[in-house]
Amino acid sequence: MPRKPNRKNGRPLARRRAIQATVQDTGELRLIGGDWRSRRLTFPAVGGVRPTPSRVRETLFNWLMPVVPGASCLDLFAGSGVLGLEALSRGAREAVFVDHTRALCDALKANLARLKSDTGRVVCQDVAGFLGQTADAPFDLLLMDPPFRENWLDRLIPLIVDNGWVADGSWVYIEHESERSQVVVPSNWSLHREKVAGQVCYRLYKVGA
């Protein structure tokens, strides 16, 4: 006799497991300030993406309160896009999101459309390749949350400087693993604020100050 379908709760197990996998592979973020405060968005949990925690975002944007309105922002290793989205929510003039993972870029475009924003632009490209180009103009605020323990900062900070991505008056925000004792930055970057939260150290620099 033919086998009966392997079912549980009226649904074939293979299909139920596929649905569970889809749910497990989806992350959720909540914006915490500005025009989009409390808006919840989803993103694919791929590529080791780890959105900046809400308490870190709250501290960061308190530091940046007088800076963000009207600013041009560059969000590198954008992932879920939470940092750039928080900036747009708080009145940034524009935000460019750079990430190499196609699924994350597609989700970011969909979330910008859901928020009815025309001030965000998504670039699906390797960050080093993107920064290896000469900037059309420096950004007011550069946000960088690279994968930990891969020495991205040592590789990318020279590209940021040499190719004109920031200028005097710009602000640079960096997240890195807390066990790293220091970050080598140009002599004209001054450390404005610094804090550690668990395994994350986050720092805000002023360029040319």
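Residues numbered from 1 in each chain as written. Predicted model: local features only at pLDDT ≥ 70, side-chain atom pairs only at ≥ 80, totals over all residues. Heavy atoms only, no water.

Once that is clear, we can look at the overall build of the chain. In terms of helices and strands, the chain carries 6 helices and 11 strands. A buried classification covers 46% of the 209 residues belonging to the chain. Nonlocal contacts in the chain, meaning residues at least 24 apart in sequence, comprise 62% of its contacts between residues at least 6 apart. Accessible surface, the chain as shown: approximately 11000 Å² in total, 47% of it carbon and sulfur. (Helix = DSSP H or I, 4+ residues; strand = E, 2+ residues; numbered from the N terminus. Buried < 20%, exposed > 50% of the residue type's maximum accessible area, 1.4 Å probe, protein only. Contact = heavy atoms within 4.5 Å. Areas by Shrake-Rupley, 256 points an atom, 1.4 Å probe, with all protein chains shown as cover.)

What follows is about helix 6 (residues 152-162). Among the residues of helix 6, those classed as buried are Trp152, Leu153, Leu156, Ile157 and Ile160. When helix 6 is viewed along its axis, its buried side chains cluster within an angular range of 110° and face the same direction. On its buried face, helix 6 is in contact with helix 5 (127-131), strand 8 (141-144), strand 9 (171-177) and strand 10 (189-197). (Arc of directions from axis to C-beta.)

Relative to each other, helix 2 (residues 54-63) and helix 3 (residues 82-89) sit at 45°, their axes nearing to 11 Å. By the criterion of interaxial angle, the relationship of helix 2 to helix 3 is oblique. Relative to helix 3, the crossing made by helix 2 is right-handed. Where helix 2 abuts helix 3, its residues Arg57, Leu60 and Phe61 lie against Val82, Leu83, Glu86 and Ala87. Taken together, the residues that form the contact of helix 2 with helix 3 break down as 5 nonpolar, no polar and 2 charged. (Axes fitted to C-alpha atoms, helices over the stretch in contact; angles between N-to-C directions. Parallel < 35°, antiparallel > 145°, perpendicular 65-115°, else oblique. Left-handed = near helix turned anticlockwise from the far one by under 90°. Nonpolar A, V, L, I, M, F, W, Y, C, P; charged D, E, K, R; others polar.)

Looking now at the state of the cysteines. Enumeration according to the criterion identifies 0 disulfides in this entry. Here cysteine 124 is not disulfide-linked; the sulfur of cysteine 105 is the nearest cysteine sulfur, at 3.3 Å. Residue class for cysteine 124 comes out partly exposed when judged on its relative accessible area of 27%. (Disulfide = S-S within 2.5 Å.)

With that settled, consider the sheet that holds strand 10. With mixed pairing, 7 strands are arranged side by side in an open sheet as 7-6-5-8-9-11-10. Each end of this open sheet is capped by a strand with a single partner; those strands are strand 7 (120-124) and strand 10. Averaged over all neighbouring strand pairs, the angle between strand axes comes to 15°, with direction disregarded. Of the pairings in the sheet, the one linking strand 9 to strand 11 (residues 200-207) comprises 7 bridges and is antiparallel in character. Directly across from histidine 176, in strand 11, lies its bridge partner cysteine 201. Sheet contacts for helix 4 (residues 102-114): strand 6 (94-99) and strand 7; angle to strand 7, the most-contacted strand, approximately 170°. Packed on one face of the sheet, helix 6 meets strand 8, strand 9 and strand 10 and runs near 165° to strand 8. (Pairing = 2+ DSSP bridges.)

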